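# Descriptive structure summary
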Amino acid sequence: MNLSILSLLAASSLGERLSEAWNGMQAWIAAEWQDFCQTFHVNFIASNRWLSLLKGLGITLQITFFALLLGLAIGLVVASIRSSYDKNQEAMAKRGGFGWGVMKLLNGLCKLYLTVFRGTPVVVQLMIFYFVIFASSRNGTLIAIIAFGVNSGAYVAEIFRSGIASVDAGQFEAGRSLGFSYLQTMLYIIIPQAFKTILPTLCNEFIVLLKETSVAGYVGVMDLTKAGDIIRGRTFSAFMPLIAVALIYLVMVVILTWLVGKLERRLKKSER
Amino acid sequence: MNDNIIQVRDLKKHYGNGKIKALDGIDVDIRRGEVVVVIGPSGSGKSTFLRSLNLMETPTQGVILVDGVDINGKRVNVNLHRQKMGMVFQHFNLFPHMTILKNMIKAPMTLKKMPKAEAEAKALELLRRVGLEERAYDYPSQLSGGQKQRVAIVRALCMDPDVMLFDEPTSALDPEMVGEVLDVMRDLARGGMTMVVVTHEMGFAKEVGTRILFMDGGTILEQNTPAEFFANPQTDRAKEFLSKVL
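Residues numbered from 1 in each chain as written. Chains lettered and ligands numbered in written order. Predicted model: local features only at pLDDT ≥ 70, side-chain atom pairs only at ≥ 80, totals over all residues. Heavy atoms only, no water.

A complete count under the given rule lists 14 aromatic pairs over all chains for this structure. With centroids separated by 5.9 Å and ring planes inclined at 65 degrees, the aromatic side chains of F180(A) and Y188(A) adopt a geometry described as edge-to-face. The class of F180(A) is buried, set by a relative accessible area of 0%. For Y188(A), a relative accessible area of 27% puts it in the partly exposed group. Ring geometry for F214(B) and F241(B): centres 5.3 Å apart, planes at 50 degrees, overall tilted. One end of the pair, F214(B), is in strand β9 (residues 211–216); the other, F241(B), is in helix α9 (residues 236–245), and 27 residues separate them in sequence. Residue classification places F214(B) among the buried positions, given a relative accessible area of 0%. The buried category is assigned to F241(B), whose relative accessible area is 8%. Put simply, the rings of W33(A), F36(A), F40(A) and F44(A) touch in pairs and so form one group of aromatic residues. In this arrangement the basic side chain of K106(B) is found over the ring face of Y188(A), its NZ or CZ atom lying 4.0 Å from the centre. A cation over an aromatic ring shows up here: R155(B) above the ring of F95(B), its NZ or CZ 4.3 Å from the ring centre. (Phe/Tyr/Trp six-rings, centres within 6.5 Å; stacked < 30°, edge-to-face > 60°. Buried < 20%, exposed > 50% of the residue type's maximum accessible area, 1.4 Å probe, protein only. Helix = DSSP H or I, 4+ residues; strand = E, 2+ residues; numbered from the N terminus. Lys NZ or Arg CZ within 6 Å of the ring centre and 35° of its normal.)

Rendered as structure tokens:
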């Protein structure tokens with residue numbers, strides 16, 4: 001102790017002290033760098049661990065993509081039923097008969113679906129799908145696609161419905177007054193305008209979906225998150241694999257946001 | 001075939017289980033080529049009556065015959081009926097995501113299977129007639145209110161309707177733009193179009209109308225030629241109304 005203080009005092013000039021500090025820092029950086037390289041090697045290179053991350057990413061993207069399609073399809077059907085029920089209620093109730101009964105039943109079913117799937121956590125739904133409904137199947141990826149798709153459909157349905165409701169009622173009347181059927185009016189006039197309004201919300205839902213699939217590991221699916229977690233278990237280092245997984249999600253979300261932003265700008269241009 | 005293109009019998013429209021009677025028994029015949037102007041205080045049922053004619057409102061009771069056919073009949077194709085009844089709205093309701101030309105040709109191309117070239121030629125000719133030919137490729141947001149309403153009129157004309165319904169077509173316009181829209185409507189009337197017009201433009205009613213329907217409380221209180229109606233209103237309600245608007 002005394003000795004080190006003495007040697008510090010002995011250092012004749014400021015320059016010497018600075019260069020000493022510099023040398024110390026360099027050594028520290030070099031050591032840290034070596035440490036980083038080694039952990040990096042252990043976590044990603046050794047045993048081809050990067051490959052399992054890549055495979056996990058592939059499965060995450062696969063689940064997200066097909067769940068997205070399923071969600072959009074379900075959402076479209078549910079939103080159509082709910083919107084047309086709301087819009088044609090008066091006219092159909094007056095005509096009555098079989099069609100009205102079917103419509104009422106369908107609308108009731110849609111409401112039940114929305115309540116159940118928006119009212120329970122997606123992880124619980126996923127596990128019920130895997131361990132209860134499809135207990136005989138061990139195809140986790142497929143079941144995850146169904147679970148996330150059905151769940152996302154509930155949210156997408158309400159997004160679609162709010163978009164349709166946001167279009168001015170006069171647009172609908174103008175379409176019908178020209179002689180377009182209900183379906184044609186929806187297709188040519190209402191939905192193109194609604195789509196523009198809901199695009200940011202829909203993009204948000206996709207981002208949520210992409211990240212939500214990270215719980216697929218609960219039913220033994222080797223998605224990106226699970227792959228990272230497995231590496232953590234093998235190498236006993238948490239930082240590197242988890243940060244890597246987070247970065248990969250982040251990059252995907254940023255790319256998705258950028259693409260949607262581009263689409264939004266293009267749609268806007270057509271109006272000005 | 002009789003000369004009456006529209007016959008309305010005991011038309012009623014009630015809301016809230018009959019508590020509100022928007023229309024309370026309307027009987028009227030409209031002949032081909034007539035320009036019927038519907039006036040009356042707000043809430044008198046003018047718009048509801050007009051909107052019943054192309055079933056934008058479903059009547060609670062009563063019969064509407066168009067060309068002798070009950071349009072509320074179960075066999076009637078409502079969409080085909082509406083193709084024959086052009087409608088112009090207070091708030092124009094042009095489709096904002098389509099160019100002016102597309103606004104006009106979409107319905108004839110889709111519903112009447114008109115070839116694109118023919119539909120475009122027809123639309124451009126109509127636009128030329130209302131002085132908006134050079135705006136064909138613009139979007140509705142680039143037009144003024146008066147221009148939008150003129151486009152809305154020719155958009156309806158693209159379907160070759162037998163009757164044109166106008167629901168307060170100038171009420172949402174700046175005063176200086178009212179004239180250009182009324183000019184188009186006047187030309188249309190001179191061309192022999194059957195028109196039913198709900199409006200507050202008494203000058204237009206006097207000059208162009210062939211008959212005035214004065215409505216209040218969901219019924220037609222008075223109908224007469226414009227000259228007679230404005231000079232000698234029969235009911236107190238009509239007198240009071242005219243004293244306020246003229």
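A complete count under the given rule lists 20 salt bridges over all chains for this structure. For E158(A), the salt bridge identified is with R161(A), shortest N-O distance 3.3 Å. Pair noted here: E158(A) and R161(A) are both in helix α6 (residues 140–166), with a separation of 3 residues, about one helical turn. Residue E158(A) is classed as buried on the basis of its relative accessible area, which comes to 18%. We note a salt bridge from E120(B) to K116(B), for which the minimum N-O separation is 3.9 Å. (Salt bridge = Lys/Arg side-chain N within 4 Å of Asp/Glu carboxyl O.)

In this structure, F236(A) is a non-glycine residue whose phi angle is positive, near 60 degrees. Its location among the elements puts F236(A) in the loop between α9 (224–235) and α10 (239–269). Look at D67(B): it is not a glycine, yet its phi comes out positive at around 55 degrees. Position of D67(B) among the secondary structure elements: in the loop between β4 (61–66) and β5 (69–70). Taking the relative accessible area as the measure of exposure, D67(B) reaches 25% and is therefore partly exposed.

Here we come to the pairing of β9(B). Residue and element names in this part refer to chain B. Across the 6 residues of β9, 5 count as buried, placing the element largely inside the fold. Summarising the sheet, strand β3 (residues 35–39) and β9 pair through 4 bridges and their orientation is parallel. By the bridge assignment, V38 is partnered in β9 with L213. The hairpin turn running from β9 into strand β10 (residues 219–224), its antiparallel successor, is 2 residues long, and G217 in that turn takes a positive phi close to 60 degrees. (Pairing = 2+ DSSP bridges.)

Residues and elements named next belong to chain B. Spatial ordering of the open sheet is given by β6-β7-β8-β3-β9-β10, a layout of 6 strands whose pairing is mixed. Each edge of the open sheet is held by one strand with a lone partner, namely β6 (85–88) and β10. When strand polarity is set aside, the average angle formed by the axes of neighbouring strands in this sheet is 20 degrees. In this structure, strand β7 (residues 163–167) lies alongside strand β8 (residues 194–198), joined through 5 bridges in parallel fashion. Counted as the bridge partner of D167 is V198 from β8. The strands touched by helix α5 (residues 145–157) within the sheet are β6 and β7, with β6 carrying the most contacts at an inclination of about 170 degrees. Strands β3, β7 and β8 of the sheet are contacted by helix α6 (residues 175–190), whose axis makes an angle of about 145 degrees with β8. (Axes fitted to C-alpha atoms, helices over the stretch in contact; angles between N-to-C directions. Contact = heavy atoms within 4.5 Å.)

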